[in-house]
Amino acid sequence: MPQEELGYIELEWTCENCGSRNPGTRKNCATCGAAMSARNQFELPAQQERLTDQDKVARAAVGPDIACPYCGTRNLGNATACKQCGGDLKGARAQSSGGVLGAFDDAPQAEIKCATCGALNSARAAKCQSCSAPLPRLKTQAAAPTSAPAPAQTIPRAWLIGGVIVALLLCAGAMFLLFRSSDARATVDRVTWQRTIAIMAQMPVRDATWQDQLPSDAKVLGCELKDRRYSNSPEPNSKKICGTPYVIDQGNGMGQVAQDCQYLVRDQYCSFTRLQWSVVDTVTARGADLNPVWPALALQNEQKEGNRAEEYRVEFVSGKDRYTYNPSSAQEFARFRPGSQWGLKVNAFGSVMDATSAE
Ligand SMILES: [Zn+2]
Ligand SMILES: [Zn+2]
Ligand SMILES: [Zn+2]
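Residues numbered from 1 in each chain as written. Chains lettered and ligands numbered in written order. Predicted model: local features only at pLDDT ≥ 70, side-chain atom pairs only at ≥ 80, totals over all residues.

Q: Please give an account of the overall build of the chain that cites residues and values.
A: Summing up its helical and strand segments, the chain has three helices and 17 strands in all. Against the 2.2 N^0.38 benchmark of 21 Å for 359 residues, the chain shows a C-alpha radius of gyration of 42 Å, more extended than a compact globule. Counting only C-alpha atoms and orienting by the principal axes, one finds that the chain spans roughly 120 × 65 × 45 Å. Buried positions account for 18% of the 359 residues belonging to the chain. (Helix = DSSP H or I, 4+ residues; strand = E, 2+ residues; numbered from the N terminus. Rg over C-alpha atoms; globule rule 2.2 N^0.38 Å. Buried ≥ 20, exposed ≤ 12 C-beta atoms within 10 Å, placed from the backbone.)

Q: I'd like a description of unusual backbone geometry, backed by residues and values.
A: Unusually for a residue other than glycine, asparagine 237 sits at a positive phi of about 60°. Here asparagine 237 lies in the loop between strand 10 (219–231) and strand 11 (238–242). For asparagine 237, a count of 14 C-beta atoms within 10 Å gives the class partly exposed. Even without being glycine, glutamate 302 reaches a positive phi, approximately 70°. By the secondary structure assignment, glutamate 302 is in the loop between strand 13 (254–287) and strand 14 (303–318). Its 9 C-beta neighbours within 10 Å are what place glutamate 302 among the exposed residues.

Q: Give a detailed account of the confidence of the model for the chain, specifying residues and quantitative values.
A: Caution applies to low-pLDDT regions: their predicted coordinates should not be interpreted in detail. For the chain, the mean per-residue pLDDT works out to 89, and 94% of the residues sit at or above 70. Long-range and interchain partners of residues 140–151, a stretch whose pLDDT sits below 50, account for three contacts in this model, where long-range means more than four residues apart. (pLDDT = per-residue confidence, 0-100. Contact = placed C-beta atoms within 7 Å.)

Q: How would you sum up the domain arrangement of the chain? Please name residues and give values.
A: Split by domain assignment, the chain resolves into domain 1 (108–141), domain 2 (179–199 + 282–297 + 304–357) and domain 3 (201–273). Put simply, the middle of domain 1 and the middle of domain 3, counted by C-alpha atoms, are 48 Å apart. (Domains from an automatic or database assignment.)

Q: Report on the pairing of strand 10, specifying residues and quantitative values.
A: Among the 13 residues of strand 10, zero are classified as buried, and the element is accordingly described as predominantly exposed. As defined by bridge partners, strand 10 adjoins strand 13 across eleven bridges and the pair is classed as antiparallel. Counted as the bridge partner of glycine 222 is serine 271 from strand 13. (Pairing = 2+ DSSP bridges.)

Q: Requested: an account of the environment of alanine 184, with residues and values cited.
A: For alanine 184, the location among the structural elements is in strand 9 (residues 181–210). For the pair alanine 184 and proline 204, spaced 20 residues apart in sequence, the C-alpha to C-alpha distance is 54 Å. Sequence-distant contacts of alanine 184, that is, excluding residues within four places in its chain, are made with Ser318, Asp321, Tyr323, Leu344 and Val346.

Q: Which residues make up the pairing of strand 17 (residues 352–357), and what values do they have?
A: Of the strand pairs in this sheet, strand 16 (residues 341–347) and strand 17 are connected by five bridges, and their pairing is antiparallel. The residue of strand 17 that forms the bridge with leucine 344 is alanine 355. Joining the antiparallel neighbours strand 16 and strand 17 is a turn of four residues, in which glycine 350 adopts a positive phi near 85°.

Q: Provide a residue-level description of the environment of serine 216, including the pertinent values.
A: Relative to the assigned elements, serine 216 resides in the loop between strand 9 and strand 10. Looking at serine 216, the number of C-beta atoms within 10 Å reads 5, which means it is exposed. Between the alpha carbons of serine 216 and alanine 115 there is a distance of 77 Å; along the sequence they are 101 residues apart.

Q: With reference to specific residues and values, describe the environment of lysine 27.
A: As for its position among the elements, lysine 27 is in the loop between strand 3 (21–23) and helix 1 (54–60). In this structure lysine 27 comes out as partly exposed when scored by C-beta crowding, with 15 C-beta atoms within 10 Å. For lysine 27 and threonine 73, which are 46 residues apart along the polypeptide, the C-alpha to C-alpha distance reads 7.5 Å. Beyond its immediate chain neighbours, meaning those up to four positions away, lysine 27 contacts Ala35, Met36, Thr73 and Arg74.

This is the structure:
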């Protein structure tokens, strides 16, 4: 995702020696004079403010400071000799940089109350204007503490186990009923069959797709602009979308404000119709004998035959009970001559599982 630069802010650092906050460009602590060590990290300032001073902006772009290997003094990234001791800076280690310090937020921050004298100070101040006591770092940058989530309602373990056992028993019971079969002797009382053929024709079917993916035979009904994809550069019908600006440590007391942006590209999405083979009619033949036939098919122009379906049904009588069986093919159906005797396997739901000739 392309990154855009929105300017620079001055960071700050906290003195390891006395705990005072100092502006990022200061090399030595304003309170105790200790030098900022290479270990020490830059932080977001209490009050973020975009730099307008072009000298400071130019300085920010120089790159991370380098620490003198002889005396530890921070030098500008383009220095060749230490400004403190004159030592050669070739090969010296640069201050760490490139880390994201947090979100950019230049909204005015609340005033800080001095813990020593109670005076109110601007969020920008590192020291109390009234008594010069060091002011603590504002905590507003930290995430607001979230209250611990309420414990979820838990189902007692014993109930859970009990529920599982009941479910298993019910399941086993159903399987038992399904597979328990009883034998019955029965007579074929009635046979019926039904055969169906679908009739297909080319019909306009509605669909929708992107304009550049329309089938060649599509009849377009209408198009509208819709969000389609993201691009790294502006394109026709695109809208720029940027994430929250953030601050990147430059390693020299400055932070670069940046944001990631992309372009949401809209495109024409069209609804259309196109001819597709569809079922327009069915013809059916029915009978109550053992000689099923396919229905006569009279196709008109531009029509064709579709799927064929067949269904067979045998009704048995056994004393006061009646059973139904559906043979899977015409060959099997042909065996059930009305009046013939059969041995049936019947499950607990009254369905015939198997039929054997008893003659
Ligand atoms: Zn200090
Ligand atoms: Zn030095
Ligand atoms: Zn004070």
